[in-house]
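Below, each chain spelled out in residue letters.
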Amino acid sequence: KKHEELYAKFFHGGNLDLAKAELLIKRNSKENLIRNTGARFCLYGVVLILAIWILWDIVVDVSIRQGGSLIGPQYKPVNMSNAYAIDLWRKNEFPVYRGMAMIVLWIWCWALSIHIWTEGRVNYLYMLELDPRDAPESTSIFETAARHTIVIFGMFLFHFKIMSNSLGLSDNESQNSVLQPGYVTLFLIIYGFWHVARTCCKPSKVIWRVLYHTVTPCFRPVSFIMNYTGDVLCSLSKPMVDLFYISCYTTTGMWVSSVIEPGNTCLDTPIVSQIVTPLVLVAPYMIRFAQCVRRYLDSADKSMLRSRNIANAIKYASALVVQLYAIFSEVKKDKYVDDKPWFYTWLILIGLATLYMFFWDVCMDWSLFTTKPNLAIREKRLYTRRYLYFCAIFADFVLRFFWISTIIPATVQNPILKYSQGFAWISSVSPALEILRRTIWGFIRLENEHLNNVAGYRRVTNIPLHFERRKEKKRLAKEKEWYKVLLEVIILSVVVLGLSITAIVIGMSNNHHHH
């Protein structure tokens, strides 16, 4: 009764009858809750069974019973070795399933993020500018992710059973039957395209509006949702490359051939390998760099050297430079030359850049440690279990270094990497680890922003109501001399552009000399 009175007082103006009616759990609602919960866990069970089935087929059924023959003899040329056929399948077919699986994995992670933020009382709806009336709950997002996962796992399992000849088809049946691996892959692509088209046609286009504002930071002030989306795009750069590959795979008809081909129309096309792929990989870092510069222009920082936003921009610039060198050098061509000092210099730079990004995650984005009076974890926390923060630090440190595996060459000659095939597969699945790292990062990033307003996206520390900010922007503009700020930004941009061009020239020069 006390709870009803409090609920009526704060939410219904003292109307006790209305409060009782809203708090009453009807029998039908309870039955629907039980039925929906049972259906949801049934979906989760199917996902778990399919995952175990795939692992069983790969590890036990094929690797042990069939002697490691993952590719059936009718799906590869006569003189092609099994190891070479597997490597071609990993480059030609696997990116299609990986790209779609990574997008669905992000849906899983987004649902988990909403659940964690809700449990920790983090007001993500306000900070991410989401309408509470349209924002779905985590349970419905989990259900959506489970349905898509079932389709992807089912199609991958079917494709794998055909490729490994686990269905027992003869040579004539495999050539003349509609049960060809490329057709299964095409069906999955059509399924994904259909759901993307449905999303585009929905009346609520919040996602597309946020994406448009995120990729055009120079034309408007940068909000927290634009910041968060830009960081997410950095973690989804590899899956976005896979999505472009899927479009090329579909339009060029690579799915038609029933035999693994040594060549790859998409990867061998210069416009894809030298323009589209590099642009997609580095574009998120360029966007975040531009966002940080725009934040500096709109802030009250009087010195570039002491600006948090410029320090953050340098972080993305360093990642941009090492990425460009990796893309345009021999390290992306799976070649290694031990007498070239540039490779070891690049390894040192990428290690320093990764440590810098890890430091920024823990000390700036999370603000986990305080130095007054002694070095200790901050006292203001929304998540009750203290050890979870240390687990997050450890996970972020370990997973931060997995992005290196996507650009280090997987070659036998490389003394750093002795098991090239195993490392190639680690590099293939490392985008999933980066998505998991970004999810963990988001848990504490929004919690810290909720508590401390560390990046200054709000005028006050506590969560305020919506109000106009134009007067504040005019005042800040008067505090800084515009021509000095413009000169500083131009100098910084020229330096980053010069380093990027240098990285590209050195990388292409090394690759040219090697050939």
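Residues numbered from 1 in each chain as written. Predicted model: local features only at pLDDT ≥ 70, side-chain atom pairs only at ≥ 80, totals over all residues. Heavy atoms only, no water.

**Describing the overall build of the protein**
Looking only at helices and strands, the protein features 19 helices and 2 strands. The buried share among the 515 residues of the protein stands at 45%. A separation threshold of at least 6 residues defines the contact pool for the protein, and within that pool the share at least 24 residues apart is 73%. (Helix = DSSP H or I, 4+ residues; strand = E, 2+ residues; numbered from the N terminus. Buried < 20%, exposed > 50% of the residue type's maximum accessible area, 1.4 Å probe, protein only. Contact = heavy atoms within 4.5 Å.)

**Section: the confidence of the model for the protein**
Here the protein shows a mean pLDDT of 77. Residues at 70 or above account for 74%. The least confident element of the protein, judged by mean pLDDT, is helix α18 (residues 470-479) at 44; the most confident is helix α5 (residues 94-119) at 93. Every residue in residues 334-339 scores below 50 in pLDDT, and together they form 17 contacts with partners more than four places removed in sequence or on other chains. Low pLDDT (under 50) marks residues 464-479, which in the prediction has 14 contacts with non-local residues, meaning those over four places away or in another chain. (pLDDT = per-residue confidence, 0-100.)

**Topic: the state of the cysteines**
A complete count under the given rule lists 1 disulfide for this structure. One disulfide in the model links Cys 248 with Cys 266; its S-S distance is 2.2 Å. Judged by the sign of its S-S torsion, about -105 degrees, the bond between Cys 248 and Cys 266 is left-handed. Of the two residues, Cys 248 is situated in helix α12 (residues 237-251) and Cys 266 in the loop between α12 and α13 (270-298); the sequence distance between them amounts to 18 residues. There is no split in this pair, since Cys 248 and Cys 266 are both buried. Of all cysteine sulfurs, the one in Cys 292 lies closest to Cys 234, which takes part in no disulfide; the gap is 9.5 Å. (Disulfide = S-S within 2.5 Å.)

**A word on the pattern of salt bridges**
All told, the structure shown has 14 salt bridges when counted by the stated rule. Note that Arg 288 is salt-bridged to Asp 231, the shortest N-O span being 3.0 Å. With a gap of 57 residues between them, Arg 288 in helix α13 and Asp 231 in helix α11 (residues 224-235) connect regions that are remote in the sequence. Arg 400 is paired through a salt bridge with Asp 361; the nearest N and O atoms lie 2.9 Å apart. Of this pair, Arg 400 sits in helix α16 (residues 387-400) while Asp 361 sits in helix α15 (residues 341-365), placing them 39 residues apart in sequence. Each member of the pair, Arg 400 as well as Asp 361, is classed as buried. Through salt bridges with shared partners, a single network forms among Asp 361, Asp 396, Arg 400, Glu 434 and Arg 437. (Salt bridge = Lys/Arg side-chain N within 4 Å of Asp/Glu carboxyl O.)

**A word on helix α7 (residues 138-163)**
An ideal rise of 1.5 Å per residue puts 38 Å on 26 residues; α7 measures up with 37 Å between its terminal C-alpha atoms. At the C-terminal side of α7, Asn 165 shows a positive phi close to 60 degrees. (Expected span 1.5 Å × (residues − 1).)

**Observations regarding the packing of aromatic side chains**
As enumerated under the stated definition, the model contains 20 aromatic pairs in all. Judged by centre distance (6.5 Å) and plane angle (50 degrees), the ring pair of Trp 110 and Tyr 228 falls under tilted. Here Trp 110 is found in helix α5, whereas its partner Tyr 228 is found in helix α11, with 118 residues between them in sequence. For the pair Trp 110 and Tyr 228, one class covers both residues: buried. On the numbers, 6.5 Å between centres and 15 degrees between planes, the contact of Phe 156 with Phe 160 is stacked. One end of the pair, Phe 156, and the other, Phe 160, are both in helix α7, 4 residues apart, so they sit about a helical turn from each other. With a relative accessible area of 12%, Phe 156 lands in the buried category. (Phe/Tyr/Trp six-rings, centres within 6.5 Å; stacked < 30°, edge-to-face > 60°.)

**Thoughts on a nonpolar patch on the surface**
Taken together, Ile 348, Leu 349, Leu 352, Leu 355, Phe 394, Phe 397 and Val 398 make up a surface patch of nonpolar side chains, about 650 Å² in accessible area. Contributing elements (two or more residues each) for the nonpolar patch: α15 and α16. Examining the composition of the nonpolar patch, we find that 4 residues originate from one element, α15, more than from any other. Relative to the assigned elements, Ile 348 resides in helix α15. (Patch = residues over 30% accessible without salt bridge, like charges linked within 9 Å, V, L, I, M, F, W, Y side chains within 5 Å. Areas by Shrake-Rupley, 256 points an atom, 1.4 Å probe, with all protein chains shown as cover.)

**Section: the nonpolar core**
Trp 117, Leu 128, Tyr 228 and Leu 446 are the most contacted members of the largest nonpolar core, which has 38 residues in total. Of all the secondary-structure elements, those providing two or more residues to this core are α5, α6 (124-127), α7, α11, α15, α16 and α17 (420-452). When near neighbours in sequence (up to four residues on either side) are disregarded, Trp 117 contacts Trp 110, Val 122, Tyr 124, Leu 128, Tyr 228, Tyr 383, Gly 442, Phe 443 and Leu 446. If you look at the next biggest cluster of nonpolar residues, it comprises 35 residues, including Tyr 75, Phe 94, Ile 162 and Leu 188. (Core = buried A, V, L, I, M, F, W, Y, C linked by side-chain atoms within 4.5 Å.)

**Things to note about the packing of α12 against α13**
Packing of α12 against α13 brings their axes to within 9 Å, and their N-to-C directions diverge by 150 degrees. By the angle class used here, α12 and α13 are roughly antiparallel. Judged by the twist between their axes, the crossing of α12 over α13 is right-handed. On the side of α12, the interface is formed by Ser 237, Lys 238, Met 240, Val 241 and Phe 244, while α13 contributes Val 276, Thr 277, Val 280, Leu 281 and Pro 284. Split by residue class, the contact of α12 with α13 holds 7 nonpolar, 2 polar and 1 charged. (Axes fitted to C-alpha atoms, helices over the stretch in contact; angles between N-to-C directions. Parallel < 35°, antiparallel > 145°, perpendicular 65-115°, else oblique. Left-handed = near helix turned anticlockwise from the far one by under 90°. Nonpolar A, V, L, I, M, F, W, Y, C, P; charged D, E, K, R; others polar.)

**As for the environment of Trp 441**
Structurally, the position occupied by Trp 441 is in helix α17. You can call Trp 441 buried: its relative accessible area is 1%. For the pair formed by Trp 441 and Val 362, sequence separation is 79 residues and the distance between their alpha carbons is 9.0 Å. Setting aside anything within four residues of it in sequence, one finds Trp 441 in contact with Tyr 228, Asp 231, Asp 361, Asp 365 and Trp 366.

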